[in-house]
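Residue strings, one per chain:
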Amino acid sequence: MPLQGTELAIVIVLFAAVSVLGFMASRWRKATSVSLDEWALAGRGFRSWVSWFVVGGDLYTAYTYVAVPALLFGSGAIGFYALPYVAIEYPLVFLIMIRLWSVCKTHGYVTAADFVRARFGSPTLALAVAITGVVATMPYIALNLLGIQAVLATMGISGSWPLIIAFVVLAAFTYKSGVRAPALISFVKDILVYIVIGVAIFYIPIRLGGWGHIFGSYNAHFKATPPGTASLLTGANQWQYITLALGSAFAIFLYPHSVTGVLTTRNRAVVKRTLAALPIYSFVLGLIALFGVMAIAGKIKPLTGTNGKPNTNTVVPSLFQHMFPSWFTGLAFAMIVIGALVPAAFMSIASANLFTRNIYKEYLRPQASEQEQTQVSKIVSLLVKAGALLFILLINPQFSINLQLLGGAIILQTLPSVMIGLYSRWLHRGALITGWAAGMIASIWTFYLTPDPALNEAHWGGTAFALSHLGLHTDVEIYIGFIGVVVNLLVSYGVTTALKALKTREGTDQTAPADYFTDVADRAPAAPAEPAVPTGA
Amino acid sequence: MTEASNSQDPSPPGLIHPTTTDRSPWNWLLLLPILLPLITVIYNRDNPHLLGFPFFFWFQLLFTLLAAAVSGIVFVMTRRRS
């Protein structure tokens, strides 16, 4: 593939622009203290419009833009599970997140593990939640790099040095500006998304002869493909569709970066308004998914990856390249690259906070000052990004996709401690740890049993667990995270009953019922600590 | 319940406690956008088409708008006027 000069120039210019923005972001809503609340949560002060952009920019990753259409392109209807997933996620956590926001605001918690530690009086349980968060997030950051890599490959750039440069710059401005950097850049990201998708969704179908023709090609294509891929759901994958959508919807708000996003908001009304408006992004994601269908009608051929197999992640970039003049393709590619930077920054900050609060301060330096904690988080955010980069450079890309899928399943194992914990502390801390371990084992074991036909591997292959492995005579498949969380809940319940019968000590709950309703007034209170409202973005 | 009940972890200034419950009958509406997208038998079909879209696609796209509408209604109806 020859080098695409115009596209590359536009991507470089926009990348440079958002990098400057990232460095300057430290002056936006200037920090009033050196505490972790400022670097990691921008002082918990974002209001409705800002937080809609920020949380939207945080949750919708470049990888989503590339991989969801690729899944539809390769597997048909099952790939559209992302739509019910992103449609139900916000109503699902609408009431849960305001409780989390309130209790974290009351006590100054920065991570979900902070809350778990105080709620159940168990640093060990908090450690399990923190480690799960870091482990699940790492491949997720790596996948955002894959999004950038797909764009680079389509522009005719090989080698890993551009990727390394992009990540060094990202690491530098995140170090300096903290969460303010991705927050400010998310405005650019989201505006680019709305422009590019708004144009593409009308322009490409016109060029391809209309939606009727596009879906006609899609139906015809999947009549000729092997079983397991189809233009509609099949008896075998229908349950996978449902459990994957529901499991992913619960999982997304257990991820550390989502919690970070929610905690940057000013008050409960902002959380609610933001969650009510975020489905607009979901609608756009649904449209983005359809690029996979358009690519079938446009007879797009994915580029060959480094492993000699077609890399379907290049389908969307190739589609843009075939359909648009090169300056607009450049904009679309910049959208994907910037779309990777924002979530990657959020994720590395959130993982770093988990390390600082629940490992460093808990076990290594209990006397660490606020300033020291901020410094540790800043440094760890660099290490996390370096780790993610190594992931991409050393591990087969397809395998890192599978690891991210596994990440979704294991983050779900923190659901009983975090989400149920917000409502009840009936479950015993010892039982929650046992349940977490059982859920982790169940998820990993079912993941191990699943083969991956794309890689020709007999094991570690995917998230669709065939129930026939359990000796059942059925071709039904279920999401491994769903199996894990069911095992987790059963074990947590059973062990709690046993431990309560044995009258085992339950630890002290440092939260009070009223803490779950704490709020902050819309207008600045008399207290002078509130940062000023931004005058512009 | 007041802030005095968590003495070892004092609350920062500026916090208010205008309510002691999130309960409201309006919250039940949220079940609609959560459950409907999970019932695949409703939409796992090709016809009727709309603007060239198979039913499977256009109907599911509506779920996102339903989520926004229902969450918006619940937000407005459970908001405390101050």
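Quantities reported herein were computed from a predicted structural model and do not represent experimental measurements.

Q: Which residues make up the overall build of chain A, and what are the values?
A: When helices and strands are tallied, chain A shows 22 helices and three strands. Taken over the C-alpha trace, chain A has a radius of gyration of 23 Å; the compact-globule value for 537 residues is 24 Å, and the two agree within 12%. C-alpha extents for chain A along the principal axes are approximately 65 × 60 × 40 Å. Burial status across chain A gives 63% buried among its 537 residues. Only carbon and sulfur atoms are counted for the fraction: they give 68% of the accessible area of chain A, which is about 18500 Å². For chain A, the distance from the average site of its 32 positive side-chain charges to the average site of its 20 negative ones is 4 Å.

Q: Explain the packing of helix H4 (residues 62–75) of chain A against helix H14 (residues 279–289) of chain A to me, using residue names and the numbers behind them.
A: Residues and elements named next belong to chain A. Relative to each other, H4 and H14 sit at 50°, their axes nearing to 8 Å. Between H4 and H14, the interaxial angle falls into the category oblique. Of H14, the residues touching H4 (which contributes Thr64, Tyr65, Val68, Pro69 and Leu72) are Leu285, Ile288 and Ala289.

Q: Could you give an account of the pattern of salt bridges, with specific residues and numbers?
A: All names here are of chain A. Scanning the entire structure with this criterion turns up nine salt bridges over all chains. The salt bridge involving arginine 365 is made with glutamate 372; its shortest N-O contact spans 2.6 Å. A relative accessible area of 32% places arginine 365 in the partly exposed class. Through salt bridges with shared partners, a single ionic network connects Arg119, Arg425 and Asp509.

Q: Residue-level account of helix H8 (residues 161–177) of chain A, with values.
A: Residues and elements named next belong to chain A. Spanning 17 residues, H8 covers 24 Å between terminal C-alpha atoms, matching the ideal 24 Å at 1.5 Å per step. For H8, the set of buried residues is Pro162, Leu163, Ala166, Phe167, Leu170, Ala171, Phe173, Thr174 and Ser177. The inward-facing, buried residues of H8 contact helix H1 (5–24), helix H2 (36–41), helix H7 (123–154), helix H9 (180–207), helix H17 (326–364) and helix H18 (370–394). Following H8 by one or two positions, glycine 178 has its phi on the positive side, about 65°.

Q: Kindly report on the environment of Thr374(A), identifying the contributing residues and their values.
A: Residue and element names in this part refer to chain A. Here threonine 374 shows up in helix H18. Taking C-alpha positions, threonine 374 is 8.2 Å from threonine 356, a pair spaced 18 residues apart along the chain. Ignoring any residue separated from it by four or fewer positions in sequence, one finds threonine 374 in contact with Val34, Ser35, Leu36 and Trp39.

Q: How would you summarise the interface of chain A and chain B if you had to cite specific residues and measurements?
A: Each side of the interface is counted separately: chain A has 53 residues, and chain B has 49 residues. When the buried surface of chain A facing chain B is broken down by residue, Pro91(A), Leu232(A) and Phe517(A) rank first, second and third, together holding 13% of it. Between the two partners, chain A and chain B, sit one salt bridge. Linking Arg268(A) and Asp22(B) is a salt bridge whose minimum nitrogen-to-oxygen distance equals 2.4 Å. If you look at where chain A meets chain B, you find seven residue pairs in polar contact (both at pLDDT 80 or more). Secondary-structure elements contributing two or more residues to the side of chain A that touches chain B are helix H5 (82–107), helix H10 (211–223), helix H11 (238–252), helix H13 (268–277), H14 and strand S3 (519–520) of chain A. Per element, the largest residue contribution to the side of chain A that touches chain B is 13 residues, and it comes from H5(A). Both S3(A) and strand S1 (residues 15–16) of chain B contribute to a ladder of two bridges, which runs antiparallel. Note that in S1(B) the partner of Val520(A) across the bridge is Leu15(B).

Q: Just give me the short version of helix H16 (residues 315–323) of chain A, but keep the residues and values in it.
A: Residue and element names in this part refer to chain A. For H16, the tally of buried residues reaches eight of nine residues, placing the bulk of the element in the interior. What H16 keeps buried is the set Val315, Val316, Pro317, Ser318, Leu319, Phe320, Gln321 and Met323. Check the buried side of H16 and you find it contacts H1, H4, H7, H9, helix H15 (291–297) and H17.

Q: Could you give me a rundown of the packing of aromatic side chains, with the residues and numbers involved?
A: A complete count under the given rule lists 39 aromatic pairs over all chains for this structure. In this arrangement the basic side chain of Arg99(A) is found over the ring face of Tyr423(A), its NZ or CZ atom lying 4.6 Å from the centre.

Q: Pulling in residues and values, what's your account of empty space enclosed by the protein?
A: All names here are of chain A. Tallied over the entire structure, the rule returns three cavities of 30 Å³ or more. Approximately 130 Å³ is the volume attributed to the largest cavity. Taken together, 18 residues form the lining of the largest cavity, with Ala112, Leu254, Pro256, Val259 and Leu354 sitting closest to its centre. Counting only elements with at least two residues in the lining of the largest cavity, the list comes to helix H6 (112–120), H7, helix H12 (256–263) and H17. Taken together, the residues that form the lining of the largest cavity break down as 13 nonpolar, five polar and no charged. What the second largest cavity holds in volume is close to 50 Å³.

Q: Account for the side chain of Thr511(A), naming residues and giving values.
A: All names here are of chain A. As for its position among the elements, threonine 511 is in the loop between helix H22 (480–501) and S3. Among the polar contacts made by the side chain of threonine 511, one reaches the side chain of aspartate 509 at a distance of 2.8 Å. Within the local environment of threonine 511, its side chain forms a polar contact with the side chain of tyrosine 516, the two groups lying 2.8 Å apart. Setting aside residues no more than four positions away along its own chain, threonine 511 makes contact with Val103, His107, Tyr109, Arg119 and Tyr516.

Rules used in this analysis
- Residues numbered from 1 in each chain as written.
- Chains lettered and ligands numbered in written order.
- Predicted model: local features only at pLDDT ≥ 70, side-chain atom pairs only at ≥ 80, totals over all residues.
- Heavy atoms only, no water.
- Helix = DSSP H or I, 4+ residues; strand = E, 2+ residues; numbered from the N terminus.
- Rg over C-alpha atoms; globule rule 2.2 N^0.38 Å.
- Buried < 20%, exposed > 50% of the residue type's maximum accessible area, 1.4 Å probe, protein only.
- Areas by Shrake-Rupley, 256 points an atom, 1.4 Å probe, with all protein chains shown as cover.
- Lys, Arg positive; Asp, Glu negative; His and termini not counted.
- Charge placed at Lys NZ, Arg CZ, Asp CG, Glu CD.
- Axes fitted to C-alpha atoms, helices over the stretch in contact; angles between N-to-C directions.
- Parallel < 35°, antiparallel > 145°, perpendicular 65-115°, else oblique.
- Contact = heavy atoms within 4.5 Å.
- Salt bridge = Lys/Arg side-chain N within 4 Å of Asp/Glu carboxyl O.
- Expected span 1.5 Å × (residues − 1).
- Buried area = accessible area lost by both parts, 1.4 Å probe.
- Polar contact = N/O pair within 3.5 Å; in protein donor to acceptor, adjacent residues only side chain to side chain.
- Pairing = 2+ DSSP bridges.
- Phe/Tyr/Trp six-rings, centres within 6.5 Å; stacked < 30°, edge-to-face > 60°.
- Lys NZ or Arg CZ within 6 Å of the ring centre and 35° of its normal.
- 1 Å grid on protein atoms, 1.4 Å probe; cavity = no way out; pocket = protein on both sides within 12 Å on 5 of 7 lines; lining within 4 Å.
- Points joined across faces, edges and corners; volume = space filled by probe spheres on them.
- Nonpolar A, V, L, I, M, F, W, Y, C, P; charged D, E, K, R; others polar.

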